[in-house]
Amino acid sequence: MEDDTKIEVEEQESAPKELSTPLNRKISTEKSEAKPRTIPPPGIGQKIYEIDPSLLDFRQHLDYRYAQYKRMREEIDKYEGGLEVFSRGYEKLGFVRSEMGITYREWAPGAKSAALIGDFNNWNPNADIMNRNEFGVWEIFLPNNADGSPAIPHGSRVKIRMETPSGIKDSIPAWIKFSVQAPGEIPYNGIYYDPPEEEKYVFKHPRPKRPKSLRIYESHVGMSSPEPMINTYANFRDDVLPRIKRLGYNAVQIMAIQEHSYYASFGYHVTNFFAPSSRFGTPDDLKSLIDKAHELGILVLMDIVHSHASNNVLDGLNMFDGTDGHYFHTGSRGHHSVWDSRLFNYGSWEVLRYLLSNARWWLEEYKFDGYRFDGVTSMMYIHHGLQVGFTGNYNEYFGYATDVDAVVYLMLVNDMIHGLYPEAVTIGEDVSGMPTFCIPVQDGGVGFDYRLHMAIADKWIEILKKRDEDWKMGEIVHSLTNRRWMEKCVAYAESHDQALVGDKTIAFWLMDKDMYEFMALDRPSTALIDRGIALHTMIRLVTMGLGGEGYLNFMGNEFGHPEWIDFPRGDQRLPNGVVIPGNGYSYDKCRRRFDLGDADYLRYRGMQEFDQAMQHVEEKYGFMTSEHTYISRKDEKDRVIVFERGNLVFVFNFHWNNSYFDYRVGCAKPGKYKIVLDSDDPLFGGFGRLDHNAEYFSFEGWYDDRPRSFMVYAPNRTAVVYALVEDEPKVVNDLELVEIPETVKPAAAEPVKESEPDEESEPLDS
């Protein structure tokens, strides 16, 4: 570490107190932000062994990992004044405005000379020559003009010109806060973005409190219009946010925020990490969007990309100072063979500063409420998870294939985020199932709040390729519940991945081309449409009911959007000469037809209504975060799944033909049950075979390993949720209704413990 380049902190020894003071210069709407924020010191990192004793066999690796993390914390404390100061790199690097003028600093140790160029000096490379310090940081100070105005006007185009080992190169500053592609031009230009105080957006609403259960609406601003166009932050704020609120979601996860020069990369080939995408509007437009979401009580999560970077040399970090190993690993280790992108060197001091500061910047400046970290599996393993089938064997996670530097970075960034913003949410996209992933850093874990349960969506596609007769109830249940003890998951039946061109959404797997001809209510339905709508609702509900402590849906999929996503693109010629045809730069498939879900004359409306009802039932009963979960039936003959979550009983009949009268289902608590969600409701496109005014009374006696049960009608291809009516508890003994006097109501309202010896619950961890 001593050999790595560091930026010196002036007067380190004499001013540790000053360096530890958090930046709170802006007026904030949050009372909590008025208090000094600190990042707690590392813990002992040993609780992981209590949670999972199997980890003791890999203690050498895990203790080494935690020791590396603690060493990094100590190094940062020693050289930078602590993680709180270290994560404010944007106050030191890039453009920093003061009362006297503008200071611009850039870490580019490979450059031989550097100059700041732009509109402000007529792009003259000899006008503003920069000076280099011993750590490879180039610097220049531009004093204010005589009238007190800044030397660089707001909105000016700027770049840094460097003489590098690979020649003269003009680069967009690495810490640029805004970047724009001029009409008709191919490269982007960095923009000095510093509007006058009266033009800056001022946040009016505090961040919402973190909800107990997350219901996430995954979104892409650019393709959120029903029209074939690039939508704006303002339109998303005014048109889409109210929809998200009405549908019952409490968080929006926004993709493609960090600037990316290639639109069709879906935002995953980032060129400018600190700049919000200019395609959708200005930074202040984005702030207005987030503020509106907060007014509606919606959390805003950013899909942040720290797993790789665009290999774009003109606009991004690749070969920034003319060297291959500036921000990235050199040679083959610095290139992702499948993603065609560059891979960060997480062992580099300045890379840590850059990425940690980036994660803080979006929380601090834009008031995002957390992140979904993209591509974490690729980060944590040197093989990036490519052609590796993770079986759950712990040797796959803790060995020479693990990139310990990357895991330590993830521990540091979770430490920083949760230390400064205890309410912030971090979700990691990990398909490997890395143990300790969602355990706090102080306990020895990686520190994420949630893992994205990616295996569920893949399993549904696998199942949908089979005939109904070949669906296995036990296989469905196992896929949904196969997650680690005490590590929370965000479940989803499909995300944007399943909606991309070349793949199919669940709705299209189920209904195919019939969706284009038979979704109008004034036309007869088909067997394929009836089956598709029924299973579409059932798949979503069972995924939310059993899959995790959070739920995610990609925009439009709630009503079975009939088209895939295809970003505008031209023909692409591969190095081997093969040409992949484009779509003529069409925006036709890069939009969301919300009008279909809203149309009361189309069957899409019923699917949307069910998704909305599902969200509101979860909001009312909080079943995703209930401590009580018990799976009482996985009947392969009847094709029935029955489980309890909280005080709710879920009954799924996946049979394609058989309906069951007086079907007995187990339950934990005595009393009266009522229907609170029925996928067969005509409102949702069903056949209305259930009476919602009916009451279901429990009776004593063990059934399916439950102390009580009640009788239901279970029509084929339906999902029904029954709720205990707590304020009118009644029981049925020997099938005879008995009213229980108020004075002798049973104390059986206590939840049935999963660990009781006379019960055998379905495990939530394998």
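Presented here is an overview of the structure given in this document. In this convention, every chain numbers its residues from 1, walking through the sequence in written order. With pLDDT at 70 or above as the cut-off, local features in this predicted model cover only qualifying residues; side-chain atom pairs require 80 or more to be listed or tallied, and sums for whole chains, interfaces and linings still use all residues. Based on all heavy atoms of the structure, the side-chain values leave hydrogens and waters out of the count.

So, on to the overall build of the protein. Strands are runs of DSSP state E lasting at least 2 residues, helices are runs of H or I lasting at least 4, and numbering of each runs from the N terminus. From N to C terminus, the protein includes 15 helices and 35 strands. Taken across its 766 residues, the protein has 60% of its residues classed as buried. For the protein, the exposed area adds up to about 30800 Å²; of that, 51% sits on carbon and sulfur atoms. Using a 1.4 Å probe on the protein chains alone, a residue whose accessible area is under 20% of its type maximum counts as buried, one over 50% counts as exposed, and one in between counts as partly exposed. In short, Shrake-Rupley with a 1.4 Å probe defines the accessible areas, and a residue's cover is counted only from the protein chains shown.

Under the 1.5 Å per step criterion, the end-to-end length of helix H15 (residues 604–621) is 26 Å for 18 residues, consistent within 8% with the ideal 26 Å. One or two residues past the end of H15 sits Gly 622, with phi positive at roughly 55°. Expected span, for any helix, means 1.5 Å times one less than how many residues it has.

Any Lys or Arg side-chain nitrogen located within 4 Å of an Asp or Glu carboxyl oxygen qualifies as a salt bridge. For the structure on display, the rule yields 51 salt bridges. In this structure, Arg 161 engages Asp 170 in a salt bridge whose closest nitrogen and oxygen atoms are separated by 2.7 Å. For Lys 672, the salt bridge identified is with Glu 695, shortest N-O distance 3.1 Å. Note that Lys 672 is positioned in strand S29 (residues 672–678) and Glu 695 in the loop between S29 and strand S30 (696–697), a separation of 23 residues in sequence. Residue class for Lys 672 comes out buried when judged on its relative accessible area of 5%. Look at Glu 695 and you get partly exposed, because its relative accessible area is 45%.

Across the sheet, which stays open at both edges, the four strands sit in the order S1-S2-S5-S4 with antiparallel pairing between neighbours. The open sheet has two free edges, formed respectively by strand S1 (94–97) and strand S4 (131–132), since each of these has just one partner strand. In this description, strands pair whenever DSSP reports at least two bridges between them. Here S1 pairs with strand S2 (residues 101–107) via four bridges, running antiparallel. Each residue of the ladder has a partner; that of Gly 94, found in S2, is Arg 105.

Its 13 residues give helix H6 (residues 283–295) an end-to-end C-alpha distance of 19 Å, which sits within 8% of 18 Å, the value for a rise of 1.5 Å per residue. Most of H6 sits inside the fold, with 10 of its 13 residues counted as buried. Buried within H6 are the following residues: Pro 283, Asp 284, Leu 286, Lys 287, Ser 288, Leu 289, Ile 290, Asp 291, Ala 293 and His 294. Those residues of H6 that are buried are in contact with helix H5 (233–247), strand S11 (251–255), strand S13 (272–276), strand S14 (299–304) and helix H7 (349–365). Just downstream of H6, Gly 297 is the residue with a positive phi angle, here 80°. The contact definition used throughout considers only heavy atoms, calling two residues in contact when any of these lie within 4.5 Å.

Keep in mind these numbers describe shape, not what the thing actually does.
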